[in-house]
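Residue strings, one per chain:
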Amino acid sequence: MRAALTSAFPILYDDRLVLCLAVLALITAVNLRGIVESARAFIVPTVVFVGSILVLIAVGLFRSEPVSTATAAGHASVLADNATTVGALLLLKAFASGCSALTGVEAIANAVPSCRVPRVRRAQRAEVALGVVLGVMLIGLSVLISRFHLQPVEGVTVLAQLADASLGHNWAFYVIQFATMILLALSANTSFGGLPVLLKLLARDNYLPHVFALKADRQVHRHGVLALALVACALLVFSGGDTNTLVPLFAIGVFVGFTIAQAGMVLHWRSRRGPGRRGKAFLNGFGGLLTGVSAVVVTATKFEEGAWLIVVALPLLVVAFRTVHRAYARIGERLGLGRIPDVPHRDRSVVIVPVSSISRLTSEALTAATSLGDEVHAVTVCYPDPEDRAALYALELAWAEWNPGVPLVRLDCERRSLGRPIAAYVRDVGGAELGVRVTVLIPETEPERLWQRLLQNQRGTVVAHAVRRETDAVICRLRFRLPRGRTTCLHGEPARPLGAGAVRVPSKPWARPLGRRQRPARSGHRCAFLESSVPTEPHSRSSRWPTWPSSSPRSRFSRWWPLSPRG
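A quick note: this is a predicted structure, and the numbers were derived from the prediction, not measured.

S.K.: Residues and numbers for the packing of aromatic side chains, please.
M.R.: Counted by the stated rule, this structure contains three aromatic pairs. Centroid distance F282 to F286: 6.5 Å. Interplanar angle 15°. Geometry classified as stacked. In this pair, F282 and F286 are both assigned in helix 12 (residues 277–301), four residues apart and thus about one turn of the helix distant. On the basis of relative accessibility, which here comes to 63%, the residue F282 falls in the exposed class. Ring geometry for W399 against W402: centres 5.4 Å apart, planes inclined by 85°, an arrangement best described as edge-to-face. Of this pair, W399 and W402 are both found in helix 15 (residues 386–402), three residues apart, which corresponds to roughly one turn of the helix. Over the face of the ring belonging to Y383 we find R416, whose NZ or CZ atom lies 4.4 Å from the ring centre.

S.K.: With reference to specific residues and values, describe the nonpolar core.
M.R.: Grouped burial of nonpolar side chains is what soluble globular proteins tend to show. F49, I53, L56, L141, L144, F148 and L162 are the most contacted members of the largest nonpolar core, which has 22 residues in total. At the level of secondary structure, the elements contributing two or more residues to this core comprise helix 3 (35–61), helix 6 (119–148), helix 7 (158–167) and helix 8 (171–186). Looking at which element gives the most residues to this core, the answer is helix 7, with six residues. When neighbours within four sequence positions are excluded, L141 is seen to be in contact with I53, L56, I57, L159 and L162. Ranked by size, the runner-up nonpolar core spans 21 residues in total, among them L24, L186, A229 and L249.

S.K.: Can you tell me about a nonpolar patch on the surface, naming the residues and giving the values?
M.R.: Together, F238, F303, W308, V311, V312 and L316 make up an exposed nonpolar region whose accessible area comes to about 600 Å². Turning to its location among the elements, V312 is positioned in helix 13 (residues 303–335).

S.K.: Let's hear about the confidence of the model for the protein chain: which residues, and what values?
M.R.: Across the protein chain, the average pLDDT comes to 76, with 74% of residues at or above 70. Taken together, the stretch residues 488–567 has pLDDT below 50 and engages in 140 contacts with residues farther than four places along the chain or on a different chain.

S.K.: Could you give me a rundown of the packing of helix 2 (residues 16–32) against helix 10 (residues 222–239), with the residues and numbers involved?
M.R.: The axes of two packed helices give the description: the angle between them and the distance between them. Packing of helix 2 against helix 10 brings their axes to within 10 Å, and their N-to-C directions diverge by 175°. Judged on the interaxial angle alone, helix 10 and helix 2 are roughly antiparallel. When helix 2 is examined against helix 10, the residues L17, C20, L21, L24, T28, N31 and L32 are found in contact with a partner set consisting of R222, V225, L226, A229, A232, C233, L236 and V237. Among the residues forming the contact of helix 2 with helix 10, the class breakdown is 12 nonpolar, two polar and one charged.

S.K.: Provide a residue-level description of the pattern of salt bridges, including the pertinent values.
M.R.: Applying the stated rule across the entire model yields 14 salt bridges. E470 serves as the salt-bridge partner of R427, at 3.1 Å between the closest nitrogen and oxygen. One end of the pair, R427, is in helix 16 (residues 419–432); the other, E470, is in helix 17 (residues 459–470), and 43 residues separate them in sequence. In this structure, R469 engages E470 in a salt bridge whose closest nitrogen and oxygen atoms are separated by 3.4 Å. Connected via shared salt-bridge partners are R348, E375 and E433.

S.K.: Residue-level account of the pairing of strand 5 (residues 474–481), with values.
M.R.: Pairing geometry for strand 4 (residues 436–446) and strand 5, over eight bridges, is parallel. Bridge assignment links T445 to a residue of strand 5, and that residue is F480. Crossover handedness for the path strand 4 to helix 17 to strand 5: right-handed.

S.K.: Requested: an account of helix 2, with residues and values cited.
M.R.: End to end, helix 2 covers 24 Å across 17 residues, agreeing with the expected 24 Å (1.5 Å per residue, within 8%). Within helix 2, burial applies to C20, L24, I27, T28, V30 and N31. The arc enclosing the buried residues of helix 2, seen along the axis, measures out at 165°, which places them on a common side. The exposed set on the far side of helix 2, more than 90 degrees from its buried face, consists of V18 and L26.

S.K.: Would you mind going over the side chain of S52 in detail, with residue names and values included?
M.R.: As for its position among the elements, S52 is in helix 3. For S52, a relative accessible area of 14% puts it in the buried group. Side-chain polar atoms of S52 contact the backbone oxygen of V48, separated by 2.7 Å. Sequence-distant contacts of S52, that is, excluding residues within four places in its chain, are made with V175, I176 and A179.

Cut-off values and rules
Residues numbered from 1 in each chain as written. Predicted model: local features only at pLDDT ≥ 70, side-chain atom pairs only at ≥ 80, totals over all residues. Heavy atoms only, no water. Phe/Tyr/Trp six-rings, centres within 6.5 Å; stacked < 30°, edge-to-face > 60°. Helix = DSSP H or I, 4+ residues; strand = E, 2+ residues; numbered from the N terminus. Buried < 20%, exposed > 50% of the residue type's maximum accessible area, 1.4 Å probe, protein only. Lys NZ or Arg CZ within 6 Å of the ring centre and 35° of its normal. Core = buried A, V, L, I, M, F, W, Y, C linked by side-chain atoms within 4.5 Å. Contact = heavy atoms within 4.5 Å. Patch = residues over 30% accessible without salt bridge, like charges linked within 9 Å, V, L, I, M, F, W, Y side chains within 5 Å. Areas by Shrake-Rupley, 256 points an atom, 1.4 Å probe, with all protein chains shown as cover. Salt bridge = Lys/Arg side-chain N within 4 Å of Asp/Glu carboxyl O. pLDDT = per-residue confidence, 0-100. Axes fitted to C-alpha atoms, helices over the stretch in contact; angles between N-to-C directions. Parallel < 35°, antiparallel > 145°, perpendicular 65-115°, else oblique. Nonpolar A, V, L, I, M, F, W, Y, C, P; charged D, E, K, R; others polar. Pairing = 2+ DSSP bridges. Right-handed = clockwise from strand over helix to strand, strands pointing away. Expected span 1.5 Å × (residues − 1). Arc of directions from axis to C-beta. Polar contact = N/O pair within 3.5 Å; in protein donor to acceptor, adjacent residues only side chain to side chain.

If you want it as structure tokens, here you go:
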């Protein structure tokens, strides 16, 4: 891709790494949309490239000499001066390079599970069509190279010289270069279509993390696509965008894969009984021999140019696969997979709710906790700072006035740690009595906008991490979605302050204030949320609705009023 573009525009040679990374980002984004969407997006450039090459071959066959040689003028040949004889090593290298030109035909075989039914027949037809198109193009280009006596030169591809010789240095030349650039850029989609499926198969057999076997909404293995994109990005940065360094690595990996696959097919046919199995085994064995020789030749000739990386990486990958497989085997043994477990039973449940203030979120959390457990504890962490002590005192006063029927437990901590005191309390509660199941319910708000997540203090994440690391308690994350608009009063109207911050609550015959032993309102009821000051003097339950002045020396807190379903 980079060579095709710089052959037409040499000024872009220094920006090859940026161009490669941009194309990689584009291909990754398209593949994350799904297999069908990526195929639709890539079919047009493919048709344009194939049509352009066929036109180039057809026009070149009617020419006896090159139309133009402007592209290769002034560029030195890469052939040595004494390259006059053809040796065995040169023949083997030419064979290996020719085999590498056909890499990609295995993508259809790898993607058979992604084909529509009947999968095998569709894959066979696609493989035959691909072989015919590649054969016609490869033979036609080879004939033109021989007819025009073209040689590889520095900075210009042979295909660019062919386009210049057959069509001339005009708009058709640039069309072929752009088509070649786009197709070579999109040829990376072969890996994006095959490798995530392979990762899924390895994950299914417990040789990779099971997350690679998951599919997204658009039937795409998203984690495999992202992992491939990250590895490709690292290789591009490592090579500086020089494809000449990466092509040998790709060829060696493909030839090794072909050899292993063909050897596996030989073992497969030997274990089968039926007509034609010996011929098929011989065909696969001969193919494995050819690809094995190609792998050895490419590795030997390109070892110092980067092939050593594959020699080191392949054994490490095998060791990693075996390590993951053994880990999953140990996990399955401890979980008792494949065996009938004990009959489920009910334990006594204690729910612990971390709180730092009184709000609508606190009430929802305690409501959910009383629904889940037999016993509920609300805990708050206190620090020795005077400011924190004053805030704790105000919280305890507000809690006593609110009186939700749940005790508030104070956890003193000399250091400013939030998760460890709560985890220690969870251990104490779980160890005080046998047969107790402790659940930590962490209330969190779900903001209306995505960017508002940055405004959260992440206290819930800190608590969950400490409890998960230090205890065996069940962790429950309560997501409370913030309602749109302003919080309404009993009639559905916004609360309006009267005077210096006081709020008057409209009277209704069916509305009553919370008693001192009432639990928080259940989620099935509509509630009104009013923020007011604590009254200076307690009022009786038979009194009229009071107005609390904002000048009260006691702290402000949130009071809940239950409503009937018709409120």
